[in-house]
Structures are given as structure tokens and as C-alpha cells.
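Examination of the molecular architecture
Single-letter residue listing:
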Amino acid sequence: FGQCGPQLLFRLASLLGGTVHGFLPDEFGQHMEILDEMEVGEVLDLNLDRASDYIRWAAAQALDEQGWTSQAVDVLRRIGGPGTPHPALCYPEILLRLHDLLRERGDYEEALAILERVERDDPDRRDACRERRAEVLILTGRVEEGLVLFEKAVRAIPDDPWVPLSAAWALIRAGDYDG
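Residues numbered from 1 in each chain as written. Predicted model: local features only at pLDDT ≥ 70, side-chain atom pairs only at ≥ 80, totals over all residues. Heavy atoms only, no water.

On a plain count of helices and strands, the protein comes out with 10 helices and zero strands. Going through the 179 residues of the protein one by one, you find that 41% of them count as buried. Within the protein, counting contacts between residues at least 6 apart in sequence, those at least 24 apart form 50% of the total. Summed over all atoms, the accessible surface of the protein reaches about 10100 Å², with 50% contributed by carbon and sulfur. (Helix = DSSP H or I, 4+ residues; strand = E, 2+ residues; numbered from the N terminus. Buried < 20%, exposed > 50% of the residue type's maximum accessible area, 1.4 Å probe, protein only. Contact = heavy atoms within 4.5 Å. Areas by Shrake-Rupley, 256 points an atom, 1.4 Å probe, with all protein chains shown as cover.)

So this is what it looks like as C-alpha cells:
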């Protein structure tokens, strides 16, 4: 189920009696309401203590899109805890978004720890993690280490134009214009 979109997943659930592994199809409606209709104050007022990861993901996205990064990070940290994983979510992608937000606000150590978790849980994302790790290394002053990782990433995925662009952007943000 992880490969199909949530709308299709919940439509199938309705046809099959209303649930997919215990998740209700009306979650899709709640998810979309949070994303499309709620203002920040309403999202912040949601009680997410017993909400599914799917609803938390919607809240995190809504907060992030409206510029409430710290609050989005707080919600993202709560996704993927104990319990049954939600079949409509790609947890490694959610963790990579958490990493990106942590990196953007300068929480580099936690961002690196998130990458280690993603690589451990999903080795197929090694290249994406390598590129992000290289960027953090450059941003923390470990330019040579970062450039070595970027070189490995370019060799691993030579057709991806974003890898060298990410390297250049990290050097510029770190103030290394000669890199």
C-alpha cells in the first residue's frame, strides 16, 4: 500500500468494507481539510495526542507551508512512534522532511541523526542521505568532508543535476565562494 496514493488507498478501503488495517477512510477527508482549509490557529488547536500519523503529517505540512517551522518540527518528531505504521505514509520521506527543516534552522546534529535513522531503516535512500549529509558537513565547516561526499553522490547518481547544485548552494551558504 505504501506505493499508492492515499486517495486511492482510502477509496479501496471504502469498497472493501471501510478500513485498511484499522485506518478509517474519513482520515483522507480530515487530512485534506487540515491541508486546504485550516488556518494556523486551527491547526495549532488540534489535539494530536491520539491522532494517527496521517493526521499528524497533514498538520505538520500545513504548519510548514504557513511558515510555522518550529511547530511543524514538533509535530514531525511525533510521527512514526510506537504503533502500527500508517499504510498511506512513506516514513523515510517524512524523516527527510524533518531533516530538511532541522538543517534550515541550524539544528545540524539532530539533522545528521535523522539521516542515520533513514539510512538504517531504508538503505535504498543512501544517495539522498549522502547528499544531505554532505550539505550539513559543509554548513558546519567540514568542507572537505562534505565535498568528498558530494563527489560520491555525483558518481552514484550522475544524471541528477541537483547534486552539484546542492553542493554549490551549500558552499555559498557557508560563505565559501572559492570551494
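Let's shift gears to the environment of Arg132. Along the chain, the position of Arg132 falls in helix α8 (residues 126-139). For the pair Arg132 and Ala170, spaced 38 residues apart in the sequence, the C-alpha separation amounts to 9.9 Å. Once you skip the residues sitting within four places of it in the chain, Arg132 turns out to touch Leu96, His99, Asp100, Arg103 and Leu115.

The next subject is the packing of helix α4 (residues 53-65) against helix α6 (residues 91-104). At their nearest, the axes of α4 and α6 sit 12 Å apart, and the two run at 30° to each other. Viewed along their axes, α4 and α6 adopt a mutual orientation that is roughly parallel. Considering the relative orientation of α4 and α6, their crossing is left-handed. Here α4 contributes Asp53, Trp57 and Asp64 to the contact with α6, which in turn contributes Tyr91, Ile94, Arg97 and Leu101. (Axes fitted to C-alpha atoms, helices over the stretch in contact; angles between N-to-C directions. Parallel < 35°, antiparallel > 145°, perpendicular 65-115°, else oblique. Left-handed = near helix turned anticlockwise from the far one by under 90°.)

With that settled, consider the confidence of the model for the protein. In the predicted model, the protein carries a mean pLDDT of 86, and 84% of its residues have values of at least 70. For the protein, per-element mean pLDDT is lowest for helix α1 (residues 6-15), which scores 50, and highest for helix α5 (residues 69-77), which scores 97. Below a pLDDT of 50 lies the segment residues 12-21, which in the model reaches 15 contacts outside its immediate sequence neighbourhood of four places, other chains included. (pLDDT = per-residue confidence, 0-100.)

Attention now goes to the nonpolar core. Ranked by internal contacts, the top residues of the largest apolar core, which has 36 residues, are Ile34, Val43, Leu76 and Leu98. For this core, the secondary structure elements donating two or more residues are α2 (26-36), α3 (40-44), α4, α5, α6, α7 (108-121) and α8. Element by element, the count of residues in this core is highest for α4, at eight residues. Not counting chain neighbours up to four residues away, the residues in contact with Val43 comprise Ile34, Met38, Ala59, Ala62 and Leu63. Counting residues in each nonpolar core, the second largest holds 12 residues, with Leu137, Leu147, Leu149 and Val163 among its members. (Core = buried A, V, L, I, M, F, W, Y, C linked by side-chain atoms within 4.5 Å.)

Attention now moves to α2. The complete set of buried residues in α2 reads Glu27, Phe28, His31 and Ile34. Each buried residue of α2 lies within a common arc of 130° when the element is viewed along its axis, so the set occupies one face. (Arc of directions from axis to C-beta.)

Our next topic: the side chain of Asp122. Tracing the backbone through its elements, the reader meets Asp122 in the loop between α7 and α8. Polar contacts involving the side chain of Asp122 include one to the side chain of Arg125, which spans 2.6 Å. (Polar contact = N/O pair within 3.5 Å; in protein donor to acceptor, adjacent residues only side chain to side chain.)

With that settled, consider the side chain of Ser166. Locating Ser166 in the fold gives a position in helix α10 (residues 162-174). Within the structure, Ser166 has its side chain in polar contact with the side chain of Glu131 (distance 2.8 Å). The residues touching Ser166, leaving out its near neighbours within four places in the chain, are Glu131 and Phe150.

This model, assessed by the stated rule, comprises 18 salt bridges. Between Asp74 and Arg77 there is a salt bridge, and its shortest N-O distance comes to 3.4 Å. Linking Asp74 with Arg77, this pair stays in helix α5, spanning three residues, or about one helical turn. In this structure Arg77 comes out as partly exposed when scored by relative accessible area, which is 37%. Linked through salt bridges whose partners overlap, the residues forming this network are Asp100, Arg103, Glu104, Arg132, Glu135 and Arg173. (Salt bridge = Lys/Arg side-chain N within 4 Å of Asp/Glu carboxyl O.)

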